[in-house]
Amino acid sequence: MRNKIKLAIFDLDGTLVDAYEAIIKSVNFTLSKMGYPEAGAQRIRKAVGWGDKRLLGVFVKEKDIESALVVYRRHHRVSLKSYARPIPYARQILRYLTKNGFKLAIASNRPTAFTRIILRHLKMKQYFNYVLCADKLAQGKPHPEILLKIMRKLKVNPSEVIYVGDMAIDVETAHRSGVTPIAVGGGSSTLKEIKKARPFKIIKSLAFLKNFL
């Protein structure tokens, strides 16, 4: 594996960035404004990873989702700048990979506008050759199109790619795309859920990623 990989694709939330506090605050602000009871942090955290529409759909009735999205997105633009933080060793591994000639990309179910806010605010944008989010596609993860499109854009084969994520959905997306899945513990999926998805490797921290490259 060490000599073949040319491209490292990363999920964003729970993998490179800890935005859970921002999400929790925005969800509960939205629920309060919409007349719903606030939700617990763990319940919100478990609902992350499928895009903000699916996220809110866990907590509000279907008829209220579009209105809730307007409230949520307005609040979230601000909360991300206050509460989003890099995951430990995220910047170090991005610098290491860039310095050693790897191409880097992001594949996220988070909407593009918010992904850009995070990358600008945390000064990570410069590391990536390509950023693709599910709102630019007909289907998000676990459909493989998000990874397939990145590979086409950057002209690499699946055997030359790893996809690093914190959720079982990321591992599934990698398998469907023919790329090597690397799972990072500590995100939205439990260790049991990640193991069931069968990643190539599970690492406790991004600091260990360089061992496989």
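Please refer to the structure placed before this passage.
The sections below set out a description of the structure shown in this document. (Residues numbered from 1 in each chain as written. Predicted model: local features only at pLDDT ≥ 70, side-chain atom pairs only at ≥ 80, totals over all residues. Heavy atoms only, no water.)

## With respect to the overall build of the chain
For the record, the criterion: Secondary structure elements are taken from DSSP: a helix is a run of H or I of four residues or more, a strand is a run of E of two residues or more, and numbering for both begins at the N terminus. All radius of gyration figures rest on C-alpha atoms, and the globule criterion is 2.2 Å times the number of residues raised to 0.38. Only protein chains enter the accessibility calculation, which uses a 1.4 Å probe; a residue is then buried when its area is under 20% of its type maximum, exposed when over 50%, and partly exposed in between. By definition in these notes, contact holds between two residues if any of their heavy atoms fall within 4.5 Å. Accessible areas in this description were obtained via Shrake-Rupley with a 1.4 Å probe; residue shielding takes into account the shown protein chains only.
Along the backbone of the chain there are nine helices and eight strands. The C-alpha radius of gyration computed for the chain amounts to 17 Å, which stays within 12% of the reference 17 Å derived for 213 residues, consistent with globular compactness. When the backbone C-alpha atoms are referred to their principal axes, the chain occupies close to 55 × 35 × 30 Å. Here the chain, with 213 residues, has 53% of them falling under the buried criterion. Look at the contacts in the chain between residues 6 or more apart in sequence, and 67% of them connect residues 24 or more apart. In the form shown here, the chain has an accessible surface area of approximately 10500 Å², with 50% of it arising from carbon and sulfur atoms.

## Overview of the packing of aromatic side chains
Aromatic rings considered in pairs are described by the distance between their centres and by the relative angle of their planes. Note the cut-off: Here a Phe, Tyr or Trp ring, Trp counted by its six-membered ring, pairs with any other such ring whose centre lies within 6.5 Å, and the pair is stacked when the planes are under 30 degrees apart, edge-to-face when over 60, and tilted otherwise. Here, a charge over a ring means that NZ of Lys or CZ of Arg falls within 6 Å of the ring centre while also lying within 35 degrees of the ring normal.
Counted by the stated rule, this structure contains zero aromatic pairs. Residue placement shows Arg45 over the ring face of Tyr20; its charged tip is 3.9 Å from the ring centre. Between Lys201 and the ring centre of Phe200, over which it is positioned, the NZ or CZ distance is 5.9 Å.

## Thoughts on the packing of helix 1 (residues 20-33) against helix 4 (residues 65-83)
Counted only if it meets this: Angles shown run from 0 to 180 degrees and are taken between the N-to-C directions of axes, each axis being a line fitted to C-alpha atoms and, for helices, limited to the stretch in contact. Handedness of a helix crossing follows the sense of rotation of the near helix relative to the far helix, less than a right angle counterclockwise being left-handed and clockwise being right-handed. Three classes are used, and their members are as follows: Ala, Val, Leu, Ile, Met, Phe, Trp, Tyr, Cys and Pro are nonpolar, Asp, Glu, Lys and Arg are charged, and the others, Gly among them, are polar.
Contact geometry for helix 1 and helix 4: axes closest at 8 Å, N-to-C directions at 145 degrees. In this structure, the crossing between helix 1 and helix 4 has a hand that is right-handed. For the pair helix 1 and helix 4, contact is made by Glu21, Ala22, Ile23, Lys25, Ser26, Val27, Phe29, Thr30 and Lys33 and by Ala68, Val71, Tyr72, His75, His76, Ser79, Leu80 and Tyr83, respectively. Among the residues making up the contact of helix 1 with helix 4, the classes are represented as nine nonpolar, five polar and three charged.

## Some points on the environment of Ile162
Along the polypeptide, Ile162 turns up in strand 6 (residues 161-165). Overall, the relative accessible area of 0% leaves Ile162 in the buried class. With 153 residues separating them along the chain, Ile162 and Ile9 place their C-alpha atoms 6.1 Å apart.

## Concerning helix 1
The following threshold applies: Here a helix's expected span is defined as the number of its residues, less one, multiplied by 1.5 Å.
Relative to the 20 Å expected for 14 residues at 1.5 Å per residue, helix 1 spans 20 Å between its end C-alpha atoms, a close match to the ideal helical length. Taken as a whole, helix 1 has its buried residues at Tyr20, Ala22, Ile23, Ile24, Ser26, Val27, Asn28, Thr30 and Leu31. Where helix 1 ends, the next residue or the one after it, Gly35, has phi of about 85 degrees, a positive value.

## Examining unusual backbone geometry
Generally, phi is negative for residues other than glycine and the peptide bonds are trans, each holding for most cases. For the bond from Lys141 to Pro142, the omega torsion is 15 degrees, close enough to zero to count as cis. The backbone of Lys123 sits at a positive phi, close to 55 degrees, despite the residue not being glycine. Turning to its location among the elements, Lys123 is positioned in the loop between helix 6 (112-121) and strand 5 (130-133). For Lys123, a relative accessible area of 59% gives the class exposed.

## A few points about the nonpolar core
Grouped burial of nonpolar side chains is what soluble globular proteins tend to show. Keep this limit in mind: Here, nonpolar core means buried Ala, Val, Leu, Ile, Met, Phe, Trp, Tyr and Cys residues that are tied together by side-chain atoms lying within 4.5 Å of each other.
With 52 residues, the main nonpolar core has Phe10, Leu16, Phe128 and Leu209 as its most contacted residues. Ala107, Leu132, Ile146 and Leu147 belong to the second-largest nonpolar core, a separate cluster that totals 17 residues.

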